[in-house]
Amino acid sequence: MRLQDKVALITGGTSGIGKATAELFAREGAKLVITGRSDDRGRAVVDAIAPSGNAIFVHTDVARAEDCRRAVEQSIDKFGRLDILFNNAGVFYAHDAIECTEEEWDQQIDVGLKGTFLMSKYALPHMIRQGAGVIVNNSSGWGLVGGDKAVAYCAAKGGVVLLTKAMAIDHGRQGIRVNCICPGDVDTPMLPQDAQFRGLRWEEYLAGAANRPMGRVGTAEEIAKVVLFLASDDSSFMTGAAVAVDGGGTAD
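A few points on the structure.

### Structural notes on the pattern of salt bridges
Scanning all chains against the criterion turns up 12 salt bridges. For the salt bridge of Arg-64 with Asp-67, the shortest nitrogen-to-oxygen distance reads 3.7 Å. For Arg-64, a relative accessible area of 48% gives the class partly exposed. Asp-67 gets classed as buried once you look at its relative accessible area, which sits at 9%. For the salt bridge of Arg-69 with Glu-66, the shortest nitrogen-to-oxygen distance reads 2.0 Å. With a gap of three residues between them, Arg-69 and Glu-66 both fall in helix α3 (residues 65-79), about one helical turn apart. Taking relative accessible area as the criterion, Arg-69 reaches 26% and is therefore assigned partly exposed. Each member of the salt-bridge network shares a partner with another, and the members are Arg-2, Glu-28 and Asp-234.

Next comes the structure, spelled out in structure tokens:
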């Protein structure tokens, strides 16, 4: 029960890494606020993980400042505090700079980078008043190194890494820790979408992962365990870190 009575807000919490993290946080005793753009999926996650009422879903587009402000305020209204923010929402289109449309660029930057900024902007004042809080941002291995056909995604995720470090510097003495995870290929709904963008069959796509040090893709549950570590007191002397969770993908 490492998060007993902690209040955690998870963006993009209706599938993939966000959903797995919500499930794990619930088992560890957290009260949860889950955001996303699908009301049906959001309600299903809340009903499954917290029938006791210790979770709510707030329909949120993280690219909209008013939505982010409202999500934070509803967290405070429901539970009285906000201890953990997991900025997880993101989108991906597999295009190089020539193929990437302005709309695709804007969407990936707005959701992945601007959304992380906006949610943090509205969460931080509450955490500062409490004198404690944790922000975990979801970047990517491609936020540390470049990747093929992912120009906007790399730009967004690289921005998340340095946004993380900047906020860690600004707010460390106010009791706030800010870290980010940098996952590699993870078995979530985003991965088959990437394969489709690249015109690859699923088996061909997975064969690429076999060339990496651990020879496989990760699971959402494996990533969630690292988020839990960063969100809990187990990582009490960590801030400003970008933690690769990629099966060794950025090691070579």
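### What about the side chain of His-171?
Turning to its location among the elements, His-171 is positioned in helix α5 (residues 151-171). Side-chain polar atoms of His-171 contact the side chain of Gln-174, separated by 2.6 Å. Apart from the residues lying within four places of it in its own chain, the contact partners of His-171 are Leu-124, Ile-128 and Ile-176.

### A short note on the packing of aromatic side chains
By the definition in use, this model includes one aromatic pair. Judged by centre distance (4.8 Å) and plane angle (80°), the ring pair of Phe-92 and Tyr-153 falls under edge-to-face. Residue Phe-92 is found in the loop between β4 (84-87) and α4 (102-130), and its partner Tyr-153 is found in helix α5; the two are separated by 61 residues along the sequence. Across the pair, exposure class does not vary: Phe-92 and Tyr-153 are buried alike.

### Points about the layout of surface pockets
The space that makes up the second largest pocket amounts to roughly 230 Å³. Residue lining of the second largest pocket: 16 residues in total, with Lys-6, Ala-132, Gly-133, Val-134 and Asp-233 positioned closest to the centre. For the lining of the second largest pocket, the residue count by class is five nonpolar, five polar and six charged.

### Focus on unusual backbone geometry
Even without glycine at this site, Asp-5 takes up a positive phi of about 65°. With respect to the helices, strands and loops of the structure, Asp-5 is situated in the segment before β1 (7-10). For Asp-5, a relative accessible area of 46% gives the class partly exposed.

### Some points on the nonpolar core
In terms of nonpolar packing, the biggest core is built from 32 residues, with Phe-25, Leu-32 and Ile-181 touching the most fellow members. Those elements that place two or more of their residues in this core are β1, α1 (16-27), β2 (31-36), α2 (39-49), β3 (55-59), β4, β5 (133-138) and α8 (220-231). Among the elements that line this core, the one with the most residues is α8, at eight residues. Apart from the residues lying within four places of it in its own chain, the contact partners of Ile-181 are Phe-86, Val-136, Asn-137, Asn-138, Ser-139, Ser-140, Ile-223, Val-226, Val-227, Leu-230 and Val-243. Within the second largest apolar cluster, 27 residues are counted, among which are Val-7, Leu-9, Val-58 and Val-91.

The rules behind the values
- Residues numbered from 1 in each chain as written.
- Predicted model: local features only at pLDDT ≥ 70, side-chain atom pairs only at ≥ 80, totals over all residues.
- Heavy atoms only, no water.
- Salt bridge = Lys/Arg side-chain N within 4 Å of Asp/Glu carboxyl O.
- Buried < 20%, exposed > 50% of the residue type's maximum accessible area, 1.4 Å probe, protein only.
- Helix = DSSP H or I, 4+ residues; strand = E, 2+ residues; numbered from the N terminus.
- Polar contact = N/O pair within 3.5 Å; in protein donor to acceptor, adjacent residues only side chain to side chain.
- Contact = heavy atoms within 4.5 Å.
- Phe/Tyr/Trp six-rings, centres within 6.5 Å; stacked < 30°, edge-to-face > 60°.
- 1 Å grid on protein atoms, 1.4 Å probe; cavity = no way out; pocket = protein on both sides within 12 Å on 5 of 7 lines; lining within 4 Å.
- Points joined across faces, edges and corners; volume = space filled by probe spheres on them.
- Nonpolar A, V, L, I, M, F, W, Y, C, P; charged D, E, K, R; others polar.
- Core = buried A, V, L, I, M, F, W, Y, C linked by side-chain atoms within 4.5 Å.

Just geometry here; none of it tells us what the structure is for.
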